[in-house]
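Chain by chain, the residues run as shown.
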Amino acid sequence: MEPEEHSMEPPATPEEEMPLTAAPGPAGCQLFGYVGIEAVLDQMKVKTMKMGFEFNIMVVGQSGLGKSTMVNTLFKSKVSRKASQPGQEERIPKTVQLQSVTHVIEEKGVKMKLTVTDTPGFGDQINNENCWDPIIKYINEQYERYLREEILITRKRKIPDTRVHGCVYFVMVVPPWGGGHGGHAGVMVVLGRLRPLDLEFMRRLSKIVNVVPVIAKADTLTLEERAEFKQRIQEDLKTHAISVYPQEDFDQDPDDRALNDRIREKIPFAVVGADQEHQVNGKRVLGRKTKWGIIEVENPAHCEFPLLQDLLIRSHLQDLKDITHNVHYESYRVRRLNESNRPELSSPNGLPGKGEGGSDL
Ligand SMILES: Nc1nc2c(ncn2[C@@H]2O[C@H](COP(=O)(O)OP(=O)(O)OP(=O)(O)O)[C@@H](O)[C@H]2O)c(=O)[nH]1
Ligand SMILES: [Mg+2]
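What you are looking at is a predicted structure, and each value in this text was computed from that prediction instead of being measured.

A.B. asks: Tell me about the overall build of the protein, and please be specific about residues and values.
C.D. replies: Of the regular secondary structure elements, the protein holds eight helices and nine strands. The buried share of the protein, taken over its 361 residues, is 30%.

A.B. asks: So what about the site of ligand 1? Which residues, and what values?
C.D. replies: For ligand 1, the set of nearby residues contains 18 residues, the closest of which are Gly66, Ser68, Thr69, Thr95 and Gly121. Considering each element in turn, the shell around ligand 1 owes the most residues, three residues, to helix H2 (residues 67-76). Among the residues forming the shell around ligand 1, the class breakdown is four nonpolar, nine polar and five charged.

A.B. asks: How would you summarise the sheet that holds strand S3 (residues 110-118) if you had to cite specific residues and measurements?
C.D. replies: Consider a sheet: its strands pair through backbone hydrogen bonds, and that pairing is either parallel or antiparallel. Spatial strand order, S2-S3-S1-S4-S5-S6: six strands in an open sheet with mixed pairing. Edge strands, defined here as strands with exactly one partner in the open sheet, are strand S2 (99-107) and strand S6 (269-270).

A.B. asks: Residues and numbers for the packing of helix H3 (residues 133-150) against helix H8 (residues 317-340), please.
C.D. replies: Relative placement of two packed helices is described by the angle separating their axes and the distance separating the axes. The N-to-C vectors of H3 and H8 enclose an angle of 70°; their axes lie 10 Å apart at closest approach. On the basis of the axis angle, H3 is roughly perpendicular to H8. In the crossing of H3 with H8, the sense of the turn from one axis to the other is right-handed. Touching Asn140, Tyr143, Tyr146 and Leu147 of H3 are Tyr329, Tyr332, Arg333 and Arg336, all from H8. Looking at side-chain class alone, the contact of H3 with H8 contains five nonpolar, one polar and two charged residues.

A.B. asks: Could you give me a rundown of the sheet that holds strand S9 (residues 293-296), with the residues and numbers involved?
C.D. replies: Taking strand neighbours across the sheet as the criterion, the three strands line up as S7-S8-S9 in an open arrangement whose pairing is antiparallel. The strands lining the two open edges of the sheet, one partner per strand, are strand S7 (277-280) and S9. Across the sheet, the mean angle separating the axes of adjacent strands is 70° when strand polarity is ignored. Here S7 runs beside strand S8 (residues 283-290); their pairing, made up of four bridges, is antiparallel. Paired with Gln279 across the bridge in S8 is Arg284.

A.B. asks: Break down the environment of Val46 for me, citing the residues and quoting the values.
C.D. replies: Within the secondary structure, Val46 sits in helix H1 (residues 39-51). Residue Val46 is classed as exposed on the basis of its C-beta count, with 11 C-beta atoms lying within 10 Å. For the pair Val46 and Gly109, spaced 63 residues apart in sequence, the C-alpha separation works out to 9.4 Å.

A.B. asks: Requested: an account of the environment of Asp319, with residues and values cited.
C.D. replies: Along the chain, Asp319 falls in helix H8. Considered as a pair, Asp319 and His165 are 154 residues apart in the sequence and their alpha carbons are 9.3 Å apart.

A.B. asks: Residues and numbers for the nonpolar core, please.
C.D. replies: Of all hydrophobic cores here, the largest spans 53 residues; its most connected members are Cys167, Tyr169 and Val271. Leaving out residues up to four positions away in the same chain, Tyr169 has contacts with Val60, Gly61, Met202, Leu205, Val211, Val212 and Pro213. By size, the runner-up hydrophobic cluster in this structure holds five residues, among which are Tyr146, Leu147, Tyr329 and Tyr332.

A.B. asks: How would you summarise the pairing of S9 if you had to cite specific residues and measurements?
C.D. replies: Relative to S9, S8 runs antiparallel, the two being bridged by four bridges. Bridge assignment links Gly287 to a residue of S9, and that residue is Glu296. Hairpin geometry of S8 and S9 is characterised by an intervening segment of two residues between the two adjacent antiparallel strands.

A.B. asks: Describe in detail helix H7 (residues 305-315), supporting the description with residues and values.
C.D. replies: Counting along an α-helix, one turn takes 3.6 residues, and residues three or four places apart therefore face a common direction. Buried residues of H7: Phe305, Leu308, Leu311, Leu312 and Ile313, and no others. Viewed along the axis of H7, the buried residues span an arc of 160°, placing them on a single side of the element.

A.B. asks: Tell me about the confidence of the model for the protein, residues and numbers included.
C.D. replies: Of the residues in the protein, 77% reach a pLDDT of 70 or more, and the chain-wide mean stands at 81. Mean pLDDT across the secondary structure elements of the protein bottoms out at H1, with 80, and peaks at strand S5 (residues 211-215), with 97. Segment residues 179-190 is flagged for pLDDT under 50; beyond a separation of four residues in sequence, or across chains, it makes 17 contacts in the model.

About the cut-offs
- Residues numbered from 1 in each chain as written.
- Chains lettered and ligands numbered in written order.
- Predicted model: local features only at pLDDT ≥ 70, side-chain atom pairs only at ≥ 80, totals over all residues.
- Helix = DSSP H or I, 4+ residues; strand = E, 2+ residues; numbered from the N terminus.
- Buried ≥ 20, exposed ≤ 12 C-beta atoms within 10 Å, placed from the backbone.
- Near = placed C-beta within 6 Å.
- Nonpolar A, V, L, I, M, F, W, Y, C, P; charged D, E, K, R; others polar.
- Pairing = 2+ DSSP bridges.
- Axes fitted to C-alpha atoms, helices over the stretch in contact; angles between N-to-C directions.
- Parallel < 35°, antiparallel > 145°, perpendicular 65-115°, else oblique.
- Left-handed = near helix turned anticlockwise from the far one by under 90°.
- Contact = placed C-beta atoms within 7 Å.
- Core = buried A, V, L, I, M, F, W, Y, C linked by C-beta atoms within 7 Å.
- Arc of directions from axis to C-beta.
- pLDDT = per-residue confidence, 0-100.

Below, the structure written as structure tokens:
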């Protein structure tokens, strides 16, 4: 059989070396250079706008550090523009059980369902052993719920997502003189460093969720103290190999790394929470009124709440969701499905029999 004339010939002209997508079409139209795949961006945008998306945050930390106040701060800040009643002074009660607040935020046609889960503070007991159990159980339960929907033969096109995408962990740093933040005088800790309880809690959490540590009640610290504590906390996290968000391992490229390095230098953010509005220079601002003036929570010159808000709601929102899905949920999923292959653990629905939606991991 005669070999085909052109089959083994090297490409004669540069045009013949072009990849298939850029080759001239049958009608001879020239598509070199511009293909137009960027149109996919518009399609993705339209799809996201139609579907909307869910974003879930959780606040965790010792009792009385301002978690519930921070939940209100997030909802009353410009994130949700939910106006507070002027003059309404409500004392936030102690949180005794996990509770979620959801608010749908719509901006330029994009809908975000933001849920913030508030948790009871810990550390009050003489024995704080296993105080992380309810929090870890809740996080795993949300993975379990998602998994149970995902493995159905006829599954929903869009599985409701209650998984925790970001866990804001409030650390208490007791300054060297031992007093600490309001109401915590006398707690014995290694001065100016992270407490063993916080280290252990964050170590466990960071394995299953994106942890964003913050220094609570930063208005009680001088600027020097803030900087010093921040550095010590960074050292403590490094020494104990606790990988908080944004994790170095997941930086995707040098640009990503450069951006995240700048964030890592600033973590933990020194935040202030407030749910009262005050009048400053003719504008209503969220802040804490003191004898000396108003600490504005949304003013970057006053505290780092704007950095936290920016990271969570703006710059890293999609990344937090991606890491939750691709890393944390994925390892949960693999573990659970492996377990369900072991007959002694299987329940009739194919997953380990740990009760409805429950996981005791
Ligand atoms: N100085 C200062 N006080 C704050 C700040 N945030 C909250 N507080 C005060 O701290 C106290 C406790 O605040 P909560 O928000 O109830 O604290 P929590 O962490 O939810 O407490 P639990 O539910 O008991 O764990 C309240 O009196 C708040 O006004 C802050 O940033 N700075
Ligand atoms: Mg609370």
